[in-house]
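Structural description and commentary
Next come the chains, spelled out residue by residue.
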Amino acid sequence: MKVGRKIAIGAASLFLTAALSGGPAFASDNETSDVDSGSGSVGVIYGGTTQSIDPTRFDYVPAAGSPQAGMIQPLNASGTQSIGGFTISVGGVPIGIPRILLTHEINGSGLRVTSEKVYFASTSTSVCNYQVVYQNRSGSKIYSSSYSSTYKGCSSAKLMYNSAAPFTARAGVQCARLFSNGVYLGEQCHSIHQ
């Protein structure tokens, strides 16, 4: 909640600064704008192009074919979803503790998925007789579901790969869905577009 308020205060400060100065609220292409958000000055640069010469500048991107370009992996996504949990109070401040953290990583380009994996970690109990379903869907329409084996027994942490990868997905979302004893626990999804 503090983050939301900070963003709102920063935005209000931006518009208030613009109104008091009689200037525009946003800078035009290739201009900078300094806004005091209450925690220091924030610079915003609108527009511009990349360059491959000076790595100390904000607009530096390694040239294609250079050794540094190979270190960049822009074609992946990773996200973590908390599932269930409980709340504790520390100094009067409520803090949520998730029961399970489900991390889903996907690699590829456009609609092509080259690898996909999921990792779960349980903070308060083991997950028993678990299974992951990798699902490609859009809205309520399911395009495909790839099922892992059901792992018998219990674990508090596990890494699993989608054996169906590589494959071509359809536009929408690609989700990793966690089941325990045949019951859906939760999912983590990534948007996939052409």
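Up top is the structure these notes are about.
Numbers given for residues are sequential positions, taken from 1 along each chain in its written order. With pLDDT at 70 or above as the cut-off, local features in this predicted model cover only qualifying residues; side-chain atom pairs require 80 or more to be listed or tallied, and sums for whole chains, interfaces and linings still use all residues. By convention in this description, side-chain values take in all heavy atoms of the structure and omit both hydrogens and water.

Moving on: the overall build of the protein. Across its full length, the protein holds one helix and 12 strands. Going from the N terminus to the C terminus, the protein shows its helices and strands as α-β-β-β-β-β-β-β-β-β-β-β-β. By residue count, 30% of the 194 residues in the protein fall in the buried class. Here, residues are in contact when the closest pair of their heavy atoms is within 4.5 Å. A separation threshold of at least 6 residues defines the contact pool for the protein, and within that pool the share at least 24 residues apart is 48%. Here a strand is any run of E in DSSP of at least two residues, a helix any run of H or I of at least four, and the numbering for each starts at the N terminus. Here the term buried applies to any residue with accessible area under 20% of the maximum for its type, exposed to any over 50%, and partly exposed to those in between, with areas from a 1.4 Å probe on protein chains only.

Okay, the nonpolar core next. Buried together is how nonpolar side chains tend to be arranged in soluble globular proteins. One finds Ile83, Ile100, Leu102, Val118, Phe120, Val127, Tyr130, Val132, Tyr134, Met160, Ala176 and Leu178 forming the largest nonpolar core, which totals 12 residues. Only β4 (93–109), β5 (112–122), β6 (127–138) and β11 (172–180) provide two or more residues apiece to this core. Each residue touching Ile100, except ones within four places of it in the same chain, is listed here: Gln81, Ser82, Ile83, Phe120, Ala121, Ser122, Val127, Leu178 and Leu185. Each nonpolar core is a collection of buried residues, namely Ala, Val, Leu, Ile, Met, Phe, Trp, Tyr and Cys, held together in the definition by side-chain atoms within 4.5 Å. Formed by seven residues, the second largest nonpolar core is a distinct cluster that contains Leu111, Val113, Ala165 and Ile192.

This part is about the side chain of Ser146. In this structure, Ser146 sits in strand β7 (residues 141–147). In the analysis that follows, any N or O atom pair within 3.5 Å is treated as a polar contact, provided that within protein one partner can donate a hydrogen and the other can accept it, and provided that, for residues neighboring in sequence, both atoms belong to side chains. In this structure the side chain of Ser146 is engaged in a polar contact, spanning 3.1 Å, whose partner is the side chain of Asn162. Those residues within four positions of Ser146 in sequence are excluded, and the remaining contacts are Val132, Val133, Tyr134, Asn162 and Ala164.

Looking at where Pro62 falls in the secondary structure, it is placed in the loop between β2 (41–46) and β3 (76–90). With 12 residues separating them along the chain, Pro62 and Thr50 place their C-alpha atoms 9.2 Å apart.

With that settled, consider the packing of aromatic side chains. Here a Phe, Tyr or Trp ring, Trp counted by its six-membered ring, pairs with any other such ring whose centre lies within 6.5 Å, and the pair is stacked when the planes are under 30 degrees apart, edge-to-face when over 60, and tilted otherwise. All chains considered together, the criterion is met by three aromatic pairs. Aromatic pair Phe120 and Tyr130: ring centres 5.1 Å apart, planes at 75 degrees, arrangement edge-to-face. Note that Phe120 is positioned in strand β5 and Tyr130 in strand β6, a separation of 10 residues in sequence. Judged on exposure class, the residue Phe120 and its partner Tyr130 are both buried. Through a chain of ring-to-ring contacts, the aromatic side chains of Phe120, Tyr130 and Tyr151 assemble into a single cluster.

Looking at where Ala169 falls in the secondary structure, it is placed in the loop between β10 (167–168) and β11. Distance from Ala169 to Tyr143, taken between C-alpha atoms, is 8.2 Å for residues 26 residues apart in sequence.

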